[in-house]
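Each chain is listed here by its residues.
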Amino acid sequence: MIKKCLFPAAGYGTRFLPATKANPKEMLPVLTKPLIQYGVEEAVEAGLNTMAIITGRGKRAIEDHFDISYELEHQIKGTSKEPLLNEIRSLISQCTFSYTRQVEMKGLGHAILTGETLIGNEAFAVILADDLCTSTKDSVLKQMIKVYEKYQCSIVAIEEIPMEDTSKYGVIAGNLVDGTDDTYRVTDMVEKPDPKDAPTNMAIIGRYILTPDIFDILRTTKPGKGGEIQITDALLEQAKQGKVIAYKFKGKRFDCGSVDGFVEATNYFYNKQN
Ligand code: G1P
């Protein structure tokens, strides 16, 4: 059973400067909730209750968010504002949060390896909070857990993207399995290829389930695209043994790491709420 969810959250968020100068990008709100809270809610909905967060310098607001603020609680107790804290209070009571710092920014693979100390020797989920996902039925992570239960190997969530965007994503190639139309056994994966080098237009989005052997692979993974240690390269090692499944999720994803995607998500959730 998967219980732990890792949130790499040490990045600088340079695309949102100056907003992210002193404020973590994971704390930028879509309506009234910070991005990372949507991620934690998705994990809880998928049955996970142990949150492992990779932070860095300037990220203390994340820890404060998932903690009680006695002064604030005292101020609004019994007022009409009190219910505004219900959702976050409920998350805090259902989950444990642990943190470790990524001291140097050496890529997503490096961030995930930094989390080994919080994860140990068990399969775990990874959520990149700036990919905000929504769906009408099961959350994207919950859908992936079902796929994991069947195949018992690493799972990546994928979506079809315009071919000209392949250089923004990890891209996979694979073969459909078991007569499905949404589940592929991965045969190749490339981090941010030029469109001319991309094997397909199937892009990895920020949801993963990883088996713990990924840590040993990451320890020996050489820096790849951008001089960074890439999770895509480590996953390719598992894929060579037939141990990665790509799952075309049902739902919608917003790239809240970009201003356009962030505005789109804001409009979407605003219209939904009203
Ligand atoms: C990371 C991964 C990439 C993946 C993307 C999903 O890139 O390296 O393979 O497609 O997340 O959001 P980043 O967006 O952190 O540059």
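Residues numbered from 1 in each chain as written. Predicted model: local features only at pLDDT ≥ 70, side-chain atom pairs only at ≥ 80, totals over all residues. Heavy atoms only, no water.

This part is about the pairing of strand β1 (residues 4–8). The side chains of a regular strand alternate, residue by residue, between the two faces of the sheet. Of all five residues that make up β1, five are buried, and the element is covered over most of its length. Side-chain alternation along β1 places Lys4, Leu6 and Pro8 on one buried face and Cys5 and Phe7 on a second face that is also buried. Sheet topology note: the β1/strand β4 (residues 50–55) ladder contains five bridges and is parallel. Bridge pairing links Phe7 to Ile53 in β4. Pairing analysis gives two bridges linking β1 to strand β6 (residues 124–127), with the strands arranged parallel. Across the sheet, residue Leu6 finds its bridge partner in β6, namely Val126. (Buried < 20%, exposed > 50% of the residue type's maximum accessible area, 1.4 Å probe, protein only. Helix = DSSP H or I, 4+ residues; strand = E, 2+ residues; numbered from the N terminus. Pairing = 2+ DSSP bridges.)

Following the criterion strictly, the structure yields seven aromatic pairs and no others. Plain terms: the ring middles of Phe124 and Phe215 are 5.3 Å apart, the flat faces sit at 0 degrees to each other, and that makes the pair stacked. Here Phe215 lies in helix α8 (residues 213–219) and Phe124 lies in strand β6, a separation of 91 residues in the sequence. In this pair, the class of Phe124 matches that of Phe215, namely buried. The ring of Tyr38 carries Lys33 above its face, with NZ or CZ at 4.7 Å from the centroid. (Phe/Tyr/Trp six-rings, centres within 6.5 Å; stacked < 30°, edge-to-face > 60°. Lys NZ or Arg CZ within 6 Å of the ring centre and 35° of its normal.)

Okay, unusual backbone geometry next. Put simply, Leu17 and Pro18 share a cis peptide bond, and its omega is 5 degrees. Here Asp178, not a glycine, exhibits a phi torsion of approximately 50 degrees, which is positive. Structurally, Asp178 is set in the loop between β9 (170–176) and β10 (183–191). Although it is not a glycine, Lys192 adopts a positive phi angle of roughly 45 degrees. Structurally, the position occupied by Lys192 is in the loop between β10 and β11 (202–210).

Counting through the fold element by element, Asp130 comes out in the loop between β6 and β7 (131–134). The spatial distance from the C-alpha of Asp130 to the C-alpha of Met27 is 9.9 Å, given a sequence separation of 103 residues. The contact partners of Asp130, leaving out residues within four places of it in the chain, are Lys25, Leu35, Phe254, Asp255, Cys256 and Gly257. A distance of 2.9 Å separates the side chain of Asp130 from the side chain of Lys25, its partner in a polar contact. (Contact = heavy atoms within 4.5 Å. Polar contact = N/O pair within 3.5 Å; in protein donor to acceptor, adjacent residues only side chain to side chain.)

Moving on to the side chain of Asp182. Positionally, Asp182 belongs in the loop between β9 and β10. The exposure class of Asp182 is buried, given its relative accessible area of 14%. A polar atom in the side chain of Asp182 sits 2.8 Å from the side chain of Thr183. Of the polar contacts made by the side chain of Asp182, one reaches the side chain of Lys250; its length is 2.9 Å. Once residues within four sequence positions are removed from consideration, Asp182 is found in contact with Leu176, Ala246, Tyr247, Lys248 and Lys250.

This next bit is on the site of the ligand. Not every one of the 13 residues close to the ligand is listed here, only the nearest: Asp131, Gly170, Glu191, Lys192 and Ile204. At a separation of 2.6 Å, an oxygen atom of the ligand approaches a polar side-chain atom of Glu191. Between the ligand and Lys192 there is a distance of 2.6 Å, counted from an oxygen atom to a side-chain nitrogen or oxygen. Protein coverage of the free-state accessible area of the ligand, which is 380 Å², stands at 77%. Each residue belonging to the shell around the ligand can be placed in one class, and the counts come to six nonpolar, four polar and three charged. (Near = heavy atom within 4 Å. Areas by Shrake-Rupley, 256 points an atom, 1.4 Å probe, with all protein chains shown as cover. Nonpolar A, V, L, I, M, F, W, Y, C, P; charged D, E, K, R; others polar.)

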